[in-house]
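Chain residues, written in single-letter form:
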Amino acid sequence: MKKAMGPETRLVHAGGDPKEQFGFVNPPVYHGSTVLYPNTEDLLAHRARYTYGRRGSPTTDALCEAIGALDGSAGVLLCPSGLSAVSTALAAVLSAGDDLLVTDSVYGPTRTFCDIELKRLGISTTYYDPTIGAAIGALIGPNTRAVFTESPGSLTFEVQDIPAIAAAAHARGLVVLMDNTWATPLLFDAFAHGVDIVVQAGTKYVSGHSDVMLGIISCNERWRARVTDCWNHFGLSVGPDDAYLGLRGLRTMAIRLKHQEAAGLEVARWLEGRPEVARVLHPALPGCPGHALFKRDFTGAAGLFAFELKPVDRRGLHAFLDGLELFGLGFSWGGMESLAIPFDVRAVRTATRWAAEGPCIRLNIGLETVGDLIADLEAGLERLRR
Ligand SMILES: *Cc1c(COP(=O)(O)O)cnc(C)c1O
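Overview of the structure. (Residues numbered from 1 in each chain as written. Predicted model: local features only at pLDDT ≥ 70, side-chain atom pairs only at ≥ 80, totals over all residues. Heavy atoms only, no water.)

Moving on: helix α12 (residues 314-322). For α12, the complete set of buried residues consists of Gly316, Leu317, Phe320 and Leu321. One face of α12 carries all of its buried residues, which in axial projection span an arc of 125 degrees. Across from the buried face of α12, at angles greater than 90 degrees, the exposed residues are Arg314, Arg315 and Asp322. (Buried < 20%, exposed > 50% of the residue type's maximum accessible area, 1.4 Å probe, protein only. Helix = DSSP H or I, 4+ residues; strand = E, 2+ residues; numbered from the N terminus. Arc of directions from axis to C-beta.)

Looking now at the packing of α12 against helix α13 (residues 370-385). Contact geometry for α12 and α13: axes closest at 8 Å, N-to-C directions at 155 degrees. Between α12 and α13, the angle is such that the two are roughly antiparallel. In the packing of α12 onto α13, the handedness of the crossing is right-handed. Residues Gly316, Ala319 and Phe320 of α12 touch α13, and the partners they reach there are Leu377, Gly380, Leu381, Arg383 and Leu384. Here the residues of the contact of α12 with α13 are counted per class, giving five nonpolar, two polar and one charged. (Axes fitted to C-alpha atoms, helices over the stretch in contact; angles between N-to-C directions. Parallel < 35°, antiparallel > 145°, perpendicular 65-115°, else oblique. Left-handed = near helix turned anticlockwise from the far one by under 90°. Contact = heavy atoms within 4.5 Å. Nonpolar A, V, L, I, M, F, W, Y, C, P; charged D, E, K, R; others polar.)

Time to look at the site of the ligand. The full set close to the ligand counts 13 residues, and Gly82, Leu83, Asp179, Thr203 and Lys204 are the nearest of them. At a separation of 2.6 Å, an oxygen atom of the ligand approaches a polar side-chain atom of lysine 204. For the ligand, an oxygen atom lies 3.0 Å from a polar atom in the side chain of tryptophan 333. In the complex, 92% of the free accessible area of the ligand, which totals 380 Å², lies under the protein chains. The class makeup of the residues in the shell around the ligand is five nonpolar, five polar and three charged. (Near = heavy atom within 4 Å. Polar contact = N/O pair within 3.5 Å; in protein donor to acceptor, adjacent residues only side chain to side chain. Areas by Shrake-Rupley, 256 points an atom, 1.4 Å probe, with all protein chains shown as cover.)

Let's shift gears to the side chain of serine 81. Within the element layout of this structure, serine 81 appears in the loop between β1 (75-79) and α4 (82-93). Taking the relative accessible area as the measure of exposure, serine 81 reaches 18% and is therefore buried. Not counting residues within four places of it along the chain, the set of residues in contact with serine 81 comprises Met213, Leu214 and Gly215.

Our focus in this paragraph is α13. Compared with the 22 Å implied by 1.5 Å per residue over 16 residues, the 23 Å span of α13 between its first and last C-alpha is a close match. Turning to α13, its buried residues number three or more, namely Val370, Leu373, Ile374, Asp376, Leu377, Gly380, Leu381 and Leu384. The arc that holds every buried residue of α13, seen down its axis, measures 155 degrees, which confines them to one face. Those residues of α13 hidden inside the fold are in contact with α10 (253-272), β9 (304-309), α12 and β12 (360-364). (Expected span 1.5 Å × (residues − 1).)

Attention now goes to the packing of aromatic side chains. What the rule picks out here adds up to six aromatic pairs. Ring centres 6.3 Å apart and planes at 70 degrees place the aromatic pair tryptophan 182 and phenylalanine 294 in the edge-to-face group. In this pair, tryptophan 182 sits in the loop between β5 (175-179) and α7 (184-187) while phenylalanine 294 sits in helix α11 (residues 291-297), placing the two residues 112 residues apart along the sequence. For the pair formed by tryptophan 182 and phenylalanine 294, the shared burial category is buried. Aromatic side chains phenylalanine 294 and phenylalanine 298 sit 5.1 Å apart centroid to centroid with 25 degrees between the ring planes, which places their arrangement in the stacked category. Both residues of the pair, phenylalanine 294 and phenylalanine 298, belong to the buried class. (Phe/Tyr/Trp six-rings, centres within 6.5 Å; stacked < 30°, edge-to-face > 60°.)

Attention now moves to the side chain of aspartate 42. Position of aspartate 42 relative to the elements: it lies in helix α2 (residues 40-44). Judged by relative accessible area, aspartate 42 falls into the buried class, the value being 13%. In contact with aspartate 42, other than residues within four places in its own chain, are Tyr37 and Arg47.

The next subject is the layout of surface pockets. Here the largest pocket defines a volume of roughly 730 Å³. Residue lining of the largest pocket: 32 residues in total, with Arg55, Gly56, Thr60, Asp61 and Trp231 positioned closest to the centre. Mapped onto the lining of the largest pocket, the elements with two or more residues apiece are α3 (58-71), β1 and α8 (221-234). Split by residue class, the lining of the largest pocket holds twelve nonpolar, 13 polar and seven charged. There is about 600 Å³ of room inside the second largest pocket. Every residue lining the second largest pocket is counted, 34 residues in all, and those nearest its centre are Tyr107, Gly108, Pro109, Ser154 and Arg362. Those elements giving two or more residues to the lining of the second largest pocket turn out to be α4, α5 (108-120), β6 (197-201) and β11 (339-343). Considered class by class, the residues forming the lining of the second largest pocket number 17 nonpolar, ten polar and seven charged. (1 Å grid on protein atoms, 1.4 Å probe; cavity = no way out; pocket = protein on both sides within 12 Å on 5 of 7 lines; lining within 4 Å. Points joined across faces, edges and corners; volume = space filled by probe spheres on them.)

So, on to the pattern of salt bridges. Counted under the stated rule, the structure contains 17 salt bridges. One salt bridge connects arginine 49 with aspartate 61, and the closest N-O pair in it is separated by 2.8 Å. With arginine 49 in the loop between α2 and α3 and aspartate 61 in helix α3, the pair connects residues that are twelve residues apart, well separated along the chain. Owing to a relative accessible area of 59%, arginine 49 belongs among the exposed residues under this scheme. Put simply, glutamate 276 and arginine 274 hold a salt bridge, and the shortest N to O gap is 2.8 Å. Summarising the burial analysis for this pair, glutamate 276 and arginine 274 share the class buried. Salt bridges sharing partners connect three or more residues here, namely Arg274, Glu276, Glu378, Glu382 and Arg385. (Salt bridge = Lys/Arg side-chain N within 4 Å of Asp/Glu carboxyl O.)

As far as function goes, none of this settles anything; it's purely spatial.
Written as structure tokens, this is what we have:
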């Protein structure tokens, strides 16, 4: 795949090789653990394209190649969930005695992993204001080894100045990691902005159909061997059906994201005009904190955003949510169906104060007719008022 080709072209054509697949467009789903060697010498030298099921197959390779063609990374590793991609990437770069800097806006289970498992292993975590930018330099001490970023935060949508953070971190020899699940490589080129190791929950936009758990780690050349070794030592492996579903989802990710961006903005703008809504948290809307950085660094928006209601009691909030017909109440996002969850991060934050007077709700905008989604929300706001 020529790098000069557009991202949509790479998404459709990279990974797999029809000539090797009897002409079939898509790669076969290889179920396998054992791989047979032609002779003892080759077996003892592990001399084979594939050596053992855990270490990859043509099916998992097709997905890895396609991701690599999209994000320009030097190496791609598949993990059984987005969270395992996060924990593996962190474990690969940290050692006992190290300190890790993590954005205060980080995905909750990533925070729990740092606070419980990394702490247990003698690795401390310092949380920082997601809008810190170059001032992160002041937080770097003699034991600081890595900076973990997530932009925008997937509940609260602060956009981070990744180039400024990466420059400050690299000046002190740190490694920069990013959770790029929201933007995917299509909307934010993490490596071009200075990130060394990128993780994505493939569960979200890559698979896109709410039917698979998948994690993806992409690394630059500097970190490829270390992260690959750690991934291998942990014994992580993704089944061929899940890898295949990831690849199938990836083929249509560009067009899904384009629709979800436009639909999400339409719903967000409509919410901005509603008297029940205090503010809308969507990086692509002028007035949202981080909008200038978003315009500078991102090439588009995903379909996941949040809004804060004006203060309303629990009954009003539940009446709004419980009666929704199209928006499901459930975690995860990035699939074809719209979702809503209430959230409150006031007690979670340690480096910043999350100021919200009313309840906050996150919406995943799916692929339904936008007018139907707005009508569903409109009826919900009527219920809330009554
Ligand atoms: C969902 C999510 C994850 C974890 O992915 P799983 O596949 O659910 O483990 C990590 N980061 C972000 C931003 C997510 O939204």
